[in-house]
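Geometric and topological summary
Listed here are the chains, written in short residue letters.
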Amino acid sequence: MIDINAARLGTEAARRLRQADCCTMEPGLSDDEFDRIEAEYGIQFSGDHRAFLTAGLPVSSPPQDGAAWDKPWPDWRNGTPSDLRSHLAWPTNGILTEVEHGYWHVSWGRRPTATSAALTAAEELLTAVPQLIPIYAHRFLPAGSETYGHGHPVLSIWQGTDIIYYGEDLAEYISHEFEEGHEHPETWNPRATVAFWRDFVQ
């Protein structure tokens, strides 16, 4: 059961995306499709994200010169498992790259001396951090059923610990990403709701 505020937020985000006319949108995911996807990939969509994908499934955008992603929208219905798993792994793979170059999170205790041992330990430790689920390219929302009155801020994760806010909530994110001339409201004050990842937000 999706929280009513999350449902409104996700539906509004989908409405704004349609209005922006920037991508192809297919019919939204059904409950059976959500069940299959969540079981296959071991994830759980947050209420706002689920409502967004129920209202419509964005699957493609016109190609852009210099774009870092060939398929920025995760196609949860027809995408290949390897593509979806790779997209889901983007945040943790970025952290592992940082570990390879000397990074170590303060909560992890003492870093092993050998880089190979540090990578092995970090990979295990990262299995315990909260999951993030891609919305578009390297923009992510937290996984999980928890709901918040004002929605989850959208995180933009470029390389490992290079993380910024890209939307105060899902609907505001869609406006910021796809509406020309959009500016954050004067009251803009996102607060990350997800442990571990919020330690890096700039």
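Our next topic: the overall build of the protein chain. Along the protein chain, the regular secondary structure elements total 6 helices and 6 strands. When the helices and strands of the protein chain are read in sequence order from the N terminus, they spell out α-β-α-α-β-α-α-β-β-β-β-α. Sequence-distant contacts, at least 24 apart, represent 60% of the contacts inside the protein chain between residues at least 6 apart. With an accessible surface of roughly 10,700 Å², the protein chain has 48% of that area assigned to carbon and sulfur atoms. When the 14 basic and 30 acidic side-chain charges of the protein chain are each reduced to a single mean position, those positions are 3 Å apart.

Turning to the packing of helix 2 (residues 31-41) against helix 3 (residues 47-55), a few remarks are in order. It is at 11 Å that the axes of helix 2 and helix 3 come closest, and there the two elements cross at 130°. As far as their axial angle goes, helix 3 and helix 2 are oblique. The handedness of the crossing between helix 2 and helix 3 is right-handed. Residues Asp31, Phe34 and Glu38 of helix 2 pack against Arg50, Leu53 and Thr54 of helix 3.

Mapped onto the secondary structure, Ser46 falls in the loop between helix 2 and helix 3. Relative accessible area serves as the criterion here: at 0%, Ser46 is assigned to the buried category. Here the side chain of Ser46 touches Asp48 through a polar contact of 2.6 Å, side chain to side chain. When near neighbours in sequence (up to four residues on either side) are disregarded, Ser46 contacts Leu141, Pro142, Gly144 and His152.

We now examine the pattern of salt bridges. If you walk through the whole model with that rule in mind, you get 9 salt bridges. Note that Arg15 and Glu12 form a salt bridge whose closest N and O atoms lie 2.7 Å from each other. Of this pair, Arg15 and Glu12 both sit in helix 1 (residues 4-20), 3 residues apart, roughly one helical turn. The exposure class of Glu12 is partly exposed, given its relative accessible area of 23%. A salt bridge links Asp31 to Arg50; its shortest N-O distance comes to 3.4 Å. Of the two residues, Asp31 is situated in helix 2 and Arg50 in helix 3; the sequence distance between them amounts to 19 residues. Connected via shared salt-bridge partners are Glu12, Arg15 and Arg16.

Our focus in this paragraph is the sheet that holds strand 5 (residues 154-157). What the 4 strands build is an open sheet, ordered 3-4-5-6; its pairing is antiparallel. Taken across any chain shown, the strands that pair with only one partner, and hence form the sheet edges, are strand 3 (132-136) and strand 6 (163-167). Within the sheet, the average angular offset between the axes of one strand and its neighbour, ignoring direction, is 45°. Sitting on the sheet, helix 3 is in contact with strand 3 and strand 4 (139-142), with an inclination near 35° to strand 3. Helix-sheet contacts for helix 4 (residues 81-100) involve strand 3, strand 4 and strand 5, and the interaxial angle to strand 3 is about 115°.

Moving on: the side chain of Asp48. Along the chain, the position of Asp48 falls in helix 3. Arg50 is the oppositely charged side chain nearest to the buried, salt-bridge-free Asp48, at an N-O distance of 10 Å. Of note is the side chain of Asp48, whose polar atom sits 3.5 Å from the backbone nitrogen of His152. Those residues within four positions of Asp48 in sequence are excluded, and the remaining contacts are Ala6, Leu9, Gly10, Leu141, Gly151, His152 and Leu170.

Across the protein chain, pLDDT averages 92, with 93% of residues at or above 70. Within the protein chain, the lowest mean pLDDT, 93, falls on strand 2 (residues 57-60), and the highest, 98, falls on helix 5 (residues 115-126).

Here the focus is unusual backbone geometry. Positive phi is not limited to glycine here, since Asp21 has a value of about 50°. Its identity is not glycine, yet Ala137 carries a phi of approximately 50°, on the positive side. Structurally, the position occupied by Ala137 is in the loop between strand 3 and strand 4.

About the thresholds
- Residues numbered from 1 in each chain as written.
- Predicted model: local features only at pLDDT ≥ 70, side-chain atom pairs only at ≥ 80, totals over all residues.
- Heavy atoms only, no water.
- Helix = DSSP H or I, 4+ residues; strand = E, 2+ residues; numbered from the N terminus.
- Contact = heavy atoms within 4.5 Å.
- Areas by Shrake-Rupley, 256 points an atom, 1.4 Å probe, with all protein chains shown as cover.
- Lys, Arg positive; Asp, Glu negative; His and termini not counted.
- Charge placed at Lys NZ, Arg CZ, Asp CG, Glu CD.
- Axes fitted to C-alpha atoms, helices over the stretch in contact; angles between N-to-C directions.
- Parallel < 35°, antiparallel > 145°, perpendicular 65-115°, else oblique.
- Left-handed = near helix turned anticlockwise from the far one by under 90°.
- Buried < 20%, exposed > 50% of the residue type's maximum accessible area, 1.4 Å probe, protein only.
- Polar contact = N/O pair within 3.5 Å; in protein donor to acceptor, adjacent residues only side chain to side chain.
- Salt bridge = Lys/Arg side-chain N within 4 Å of Asp/Glu carboxyl O.
- Pairing = 2+ DSSP bridges.
- pLDDT = per-residue confidence, 0-100.

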